[in-house]
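Listed below, chain by chain, are the residues.
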Amino acid sequence: MTSADLATRLAVRLGGLWGEAVAVGEPRRLSAGASRETWSFEANRPGAEPVRLVLRRDPPGQPDPETIAREAALLPAALRHGVPVPELVDHGTHGEPVTDDGATGLGAPYLISRHIEGETIPRRLLRDDDYAHARAGLAAELGRVLARIHRIPVDRVPGLPAPDPLAWLTEHYDALDEPLPTVEIALRWLHRHRPGPAGDTLVHGDFRNGNLIVGPDGLRAVLDWELAHRGDPMEDLGWLCVKAWRFGAPEPVGGFGSRAQLLDGYAEVAGVRPDAGTLHWWEVYGTARWAVMCGMQARRHLSGQARSVELATVGRRVCEQEHDLLLALGIEPAEPDPVTAPEAPDLHGRPTASELLEAVRDYLGADGDYHARVAANALGMVQRELAVGAAQQQRHDRRLAELGVADSRALADALRRGDLDAGDESVLDVVRRDVADRLAVANPRYRDRP
């Protein structure tokens, strides 16, 4: 479906909804959103000011009507409880309506909401002077908003799943079929230190920097409710504190502020201040969860479900979360071992394969397009792996042999069974060094992030 076709169908849908002729300008596809399409467009009604709207719909061929229906119920409920969200204009769970030419509506389950002016891009929110005033009070403000979210009655939202967090994490990690000794260590720690539940409430599920619209005056909207479920409210607070959502800024709460500010803001509305130790457990959990979710995103690409350079490169970000897991568990990450790059063979001459990759990287990196920059980053990973990957693999194999295991899967299995002690310094040294080597290829600057 072209953007012009989509404009025609949106005009038909909104015209029927509003009972008058509606003209829709050509929608503009936004880069945000890895699981749904997001489009911005303008609707014009006779004698009225143009209305800016946002369409979010499931990718064609991958409908998820239950999640759309749940989100459509959540947005008005959130608004009633003082949570800033976009005003819902319309939604459809089966691509309704049928147009005159017999085509099916918008082609997939969808939500249409009013546009809210503001910024969502984390690097701008964390660095631009325009948002300095908003940043100063945002950690506490987010705590207050989370407390309001957790007051939304769960029985008002049909079909809310209620997974056990550790069972969910283990099930989805095992389904990846990719051994991650760091996650095995985290799972063991999480089982041993699990706190009692802080409640049974609505959980947003993806409350973080990147899913918030912020203006110079502060928070304007909470977005992306598709992972909402029923569970422990502390999950949302821990997820907000996961290091990945700081985007290189030093402050632990989304890069905006301190944990104390977050907990104080939460207590203002909830009437109780969450325990710092409980928050830490959920922060460790959230870091392990994001490691697994990065692998899940990559599998969508590898399976052909959603071919995407963005999803493919996310798979290589798993080692970033393993690095963060080590930090969260109080385990000092290792420095990457120095590797001398092999000499270039003379058969093919100059430019070498690495130099060709660098040229293409520079070309893509100079493009302002988001996906071009993602592709440039992917080529950088390939370039670094070609240079040092063979030497890293040899070191990895030697380390595993010294532990008496054949490969990473055997190491992960031994940790799961308890045959190897996750607290043994020789085991931790292997895990730390392997993470450092992979991080040196995937994103060598990541380990220097605060």
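No experiment lies behind these values; they were computed from the predicted model shown. (Residues numbered from 1 in each chain as written. Predicted model: local features only at pLDDT ≥ 70, side-chain atom pairs only at ≥ 80, totals over all residues. Heavy atoms only, no water.)

## Considering the overall build of the protein
A count of helical and extended segments in the protein gives 15 helices and ten strands. Its C-alpha radius of gyration of 24 Å places the protein within 12% of the 22 Å reference for a compact globule of 450 residues. Seen along its three principal axes, the alpha-carbon backbone of the protein occupies a region of about 75 × 60 × 45 Å. The contacts of the protein with a sequence gap of at least 6 include a subset with a gap of at least 24, amounting to 69%. Accessible area for the protein stands at about 21000 Å²; split by element, carbon and sulfur atoms hold 50% of it. The average position of the 52 basic charges and that of the 68 acidic charges among the side chains of the protein differ by 2 Å. (Helix = DSSP H or I, 4+ residues; strand = E, 2+ residues; numbered from the N terminus. Rg over C-alpha atoms; globule rule 2.2 N^0.38 Å. Contact = heavy atoms within 4.5 Å. Areas by Shrake-Rupley, 256 points an atom, 1.4 Å probe, with all protein chains shown as cover. Lys, Arg positive; Asp, Glu negative; His and termini not counted. Charge placed at Lys NZ, Arg CZ, Asp CG, Glu CD.)

## Remarks on a positive patch on the surface
A grouping of Arg123, Arg127, Arg445 and Arg449 is seen on the molecular surface, where their side chains present a positively charged patch. Along the polypeptide, Arg127 turns up in helix α3 (residues 122–127). By relative accessible area, Arg127 is classed as partly exposed at 46%. (Patch = residues over 30% accessible without salt bridge, like charges linked within 9 Å, V, L, I, M, F, W, Y side chains within 5 Å. Salt bridge = Lys/Arg side-chain N within 4 Å of Asp/Glu carboxyl O. Buried < 20%, exposed > 50% of the residue type's maximum accessible area, 1.4 Å probe, protein only.)

## A word on the confidence of the model for the protein
For the protein, the mean per-residue pLDDT works out to 91, and 95% of the residues sit at or above 70. Every residue in residues 97–104 is under pLDDT 50, and counting partners more than four places away or in other chains gives twelve contacts. (pLDDT = per-residue confidence, 0-100.)

## What about the packing of helix α5 (residues 165–176) against helix α9 (residues 276–302)?
For any two helices packed against each other, the geometry comes down to the angle between their axes and how far apart the axes lie. Put simply, α5 and α9 touch, their axes get as near as 10 Å, and they point 30° apart. Judged on the interaxial angle alone, α9 and α5 are roughly parallel. Crossing hand, α5 versus α9: left-handed. In contact with Pro165, Leu166, Trp168, Leu169, His172, Tyr173 and Leu176 of α5, α9 contributes Trp281, Trp282, Tyr285, Ala288, Arg289, Val292, Met293, Gly295, Met296 and Arg299. (Axes fitted to C-alpha atoms, helices over the stretch in contact; angles between N-to-C directions. Parallel < 35°, antiparallel > 145°, perpendicular 65-115°, else oblique. Left-handed = near helix turned anticlockwise from the far one by under 90°.)

## Digging into the nonpolar core
Residues Leu202, Phe207, Trp225 and Leu411 are the most contacted members of the largest nonpolar core, which totals 86 residues. Looking at this core, the element that brings in the most residues is α9, giving eleven residues. The contacts of Trp225, once residues within four sequence positions are left out, are Glu71, Leu74, Leu75, Ala78, Val83, Val85, Ile149, Leu202 and His204. One finds Val24, Ala43, Leu53 and Tyr110 within the second-largest nonpolar core, a separate group that totals 17 residues. (Core = buried A, V, L, I, M, F, W, Y, C linked by side-chain atoms within 4.5 Å.)

## Here's the deal with the pairing of strand β8 (residues 212–215)
Side-chain positions along a regular strand alternate between the two faces of the sheet. The side-chain alternation of β8 yields two buried faces, one formed by Leu212 and Val214 and the other by Ile213 and Gly215. Bridging between β8 and strand β9 (residues 218–222) involves four bridges; their strand directions are antiparallel. Bridge pairing in β9 links Val214 to Leu219. Linking β8 back to β9 in an antiparallel pair, the connection comprises two residues. (Pairing = 2+ DSSP bridges.)

## A few points about the packing of aromatic side chains
A complete count under the given rule lists seven aromatic pairs for this structure. Taking the centre distance of 5.3 Å and the plane angle of 75° together, the rings of Trp282 and Tyr285 count as edge-to-face. In this pair, Trp282 and Tyr285 are both assigned in helix α9, three residues apart and thus about one turn of the helix distant. You can call Tyr285 buried: its relative accessible area is 2%. (Phe/Tyr/Trp six-rings, centres within 6.5 Å; stacked < 30°, edge-to-face > 60°.)

## Some details on the pattern of salt bridges
Here the structure, examined in full by the defined rule, presents 37 salt bridges. Here Arg56 and Glu226 are joined by a salt bridge, their closest N and O atoms 2.8 Å apart. Of this pair, Arg56 sits in strand β4 (residues 51–57) while Glu226 sits in the loop between β9 and β10 (229–231), and the two are 170 residues apart along the sequence. For the salt bridge of Glu235 with Arg289, the shortest nitrogen-to-oxygen distance reads 3.9 Å. Pair noted here: Glu235 is in helix α7 (residues 234–240) and Arg289 is in helix α9, with a separation of 54 residues, a long-range link. Each member of the pair, Glu235 together with Arg289, is buried. One network of salt bridges, with partners in common, ties together Arg36, Arg56, Asp58, Glu71, Asp224 and Glu226.

## Considering the environment of Pro216
Tracing the backbone through its elements, the reader meets Pro216 in the loop between β8 and β9. The sequence separation of Pro216 and Gly254 amounts to 38 residues, and the corresponding C-alpha distance is 17 Å. If we ignore the near neighbours within four places in the chain, the residues touching Pro216 are Asp130, Tyr131, His133 and Ala134.

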